[in-house]
Amino acid sequence: MASARLPGGHVTTDRRLTWLLGSSALSNLGDGIGKVAFPLLGASLTRDPLLIAGLSATAFLPWLLFALISGALVDRVDRRKAMLLANTSRAIIVGALAVLVLLDATSIWLLYAMALLIGTVETIADSAAQALIPAVVDKAGLESANSKLQSAEIVGQTFLGGPLGGVTFAVFAALPFLLNSAGFAIAAILLLAIRGNYRPKTTGPAPKLRVQLAEGVSWVRKRPLMVQLVAFAAALALTSELAQALLVLYALEDLGLTSAAFGVFALVGGAGGLIGAAVAPRLTKLLSRRTVLTAAVAGCAVAFGVMGVVYEPVAGALLFGVFAASVVTVNVIIGALRHALIPEHLFGRVLGVWRTAVWGAIPLGALLGGILAAWLSTRAVFLISGALQLGLAGTLWVVLARHENSIETLGEEPALSGPSPSSSPGSGESAPAPGESAPAGA
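Please read all numbers here as calculations on a predicted model, not as lab measurements. (Residues numbered from 1 in each chain as written. Predicted model: local features only at pLDDT ≥ 70, side-chain atom pairs only at ≥ 80, totals over all residues. Heavy atoms only, no water.)

Caption draft 1: Structural detail: the environment of Asn197. Looking at the element boundaries, Asn197 is found in the loop between α6 (175-190) and α7 (209-221). It is 8.0 Å that separates the C-alpha atoms of Asn197 and Arg80, two residues lying 117 residues apart in sequence. (Helix = DSSP H or I, 4+ residues; strand = E, 2+ residues; numbered from the N terminus.)

Shown next, in the form of structure tokens:
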């Protein structure tokens with residue numbers, strides 16, 4: 001559990017969640033530095049919009065290729081150890097890149113290779129981190145825990161990492177990558193403080209990997225709400241990435257910002273995202289989740305659409321902050337729904353299905369955005385992205401009306417409240433679902 005109630009009504013926080021959030025914040029600090037430093041380094045090598053968009057696409061390509069396998073692996077091993085190994089690996093990879101930058105031995109194709117390698121390891125790290133949440137928080141605290149995880153991600157990636165990436169790149173190009181490597185290394189060290197065994201419970205020999213993969217796909221396919229959530233999230237990822245992949249070119253060329261100023265631009269987005277993470281749980285107490293989700297997607301649409309017509313840097317940055325606040329609000333609510341609906345022993349595999357579709361849509365969106373920008377302009381892509389997301393908001397309002405009870409109660413659809421789909425012996429069917437009390441290592 002994430003908290004325990006003491007006599008007199010006082011609540012004490014589970015330290016495991018604290019250490020997990022601390023590790024996540026530091027690894028996301030490394031991610032944030034890298035997400036600014038990588039495109040800036042790429043832009044110093046080429047201004048071709050297709051190549052810049054392709055760099056963003058390459059970073060997310062591993063989610064399309066390996067998310068299913070990574071999810072299955074996370075359901076077979078100790079999730080804390082998987083995170084530790086992944087963060088250590090990323091520290092080594094980015095450290096090697098820093099050395100190559102110091103030696104002036106980089107090229108756009110080297111960046112592509114490094115982005116692919118780092119993204120592959122990230123599929124393990126992020127899947128394991130998500131799968132650990134139900135082990136350290138109860139059902140009533142899922143939305144709060146997801147809000148804190150989103151806050152840690154925003155503070156690390158954008159509020160601190162973005163400005164650090166831009167400013168340190170302006171000092172000398174290798175510095176942000178050295179800091180990036182250090183962030184991953186410290187994140188790995190913090191995980192040592194989380195005690196216990198976090199390997200999913202099994203009752204016999206582990207089934208074959210292909211059997212486990214089939215179980216995850218089958219579980220999603222038989223649940224209409226989950227299928228529709230996956231489809232919506234994939235569509236939002238694709239339509240928003242059309243423009244996000246070109247953000248560095250939008251800031252440097254259309255708004256005329258310097259490399260250091262681009263870090264500040266990202267900082268405004270981080271502030272907006274932090275606001276979104278803070279208000280999302282409060283909004284769902286005042287309004288229906290259907291209303292909040294739809295309004296947040298509409299906020300994404302309006303922000304990107306207007307960014308396509310403004311020329312003033314401050315206005316562009318503020319609109320990016322609105323987009324970040326809106327998309328993080330979506331992520332907090334979707335994350336809570338996902339943790340509430342997916343059985344703990346299947347979480348890694350179902351998350352693999354989810355991220356194959358959703359994060360796999362990101363490289364496609366990035367490539368399409370690059371093609372459109374080369375054909376039209378960067379500003380035109382922001383307008384197109386906004387228009388598509390506005391249509392998505394309307395579709396979401398209609399679709400969620402069919403599942404309003406499940407969404408508002410963070411509960412499984414009544415028709416699917418019976419036993420999970422059958423699986424082979426040893427697949428962990430006896431493991432508790434999220435929301436049920438479970439000791440560490442369950």
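Caption draft 2: Local environment of the environment of Cys300. Structurally, the position occupied by Cys300 is in helix α11 (residues 289-307). With a relative accessible area of 0%, Cys300 lands in the buried category. Along the backbone, Cys300 and Val327 are 27 residues apart, and their C-alpha atoms lie at a distance of 6.4 Å. Aside from chain neighbours lying at most four places away, what touches Cys300 is Phe323, Ser326, Val327 and Gln389. (Buried < 20%, exposed > 50% of the residue type's maximum accessible area, 1.4 Å probe, protein only. Contact = heavy atoms within 4.5 Å.)

Caption draft 3: Layout of the nonpolar core. Counting 62 residues, the largest nonpolar core has Phe38, Phe177, Leu247, Tyr250, Phe262, Phe265 and Met307 as its most contacted members. When residues of this core are assigned to their parent elements, the largest contribution, 8 residues, is made by helix α4 (residues 108-136). Excluding residues that lie within four positions of it along the chain, Phe262 makes contacts with Val36, Leu40, Leu247, Val248, Ala251 and Leu257. (Core = buried A, V, L, I, M, F, W, Y, C linked by side-chain atoms within 4.5 Å.)

Caption draft 4: Structural detail: the pattern of salt bridges. Taken as a whole, this structure holds 4 salt bridges when the rule is applied. Its salt-bridge partner being Asp31, residue Arg90 comes within 3.5 Å of it at the nearest N-O pair. Of the two residues, Arg90 sits in helix α3 (residues 79-102) while Asp31 sits in helix α1 (residues 15-45), which places them 59 residues apart along the sequence. When its relative accessible area of 1% is taken as the criterion, Arg90 is described as buried. Given the relative accessible area of 9%, Asp31 is considered buried. Residue Arg349 pairs with Glu215 through a salt bridge whose shortest N-O separation is 2.4 Å. In this pair, Arg349 is assigned in helix α13 (residues 347-358) and Glu215 in helix α7, connecting sequence segments 134 residues apart. The burial state of Arg349 is the same as that of Glu215; both residues are buried. (Salt bridge = Lys/Arg side-chain N within 4 Å of Asp/Glu carboxyl O.)

Caption draft 5: Structural view of the side chain of Arg90. A polar atom in the side chain of Arg90 sits 2.6 Å from the side chain of Asn87. For Arg90, the contacting residues outside a window of four places in its chain are Ser27, Asp31, Ile118, Val121, Glu122, Ala125 and Phe184. (Polar contact = N/O pair within 3.5 Å; in protein donor to acceptor, adjacent residues only side chain to side chain.)

Caption draft 6: Spotlight on the side chain of Ser326. Structurally, the position occupied by Ser326 is in helix α12 (residues 313-341). Residue Ser326 is classed as buried on the basis of its relative accessible area of 10%. Look past the residues within four positions of Ser326 in its chain and what remains in contact with it is Ala296, Gly299 and Cys300.

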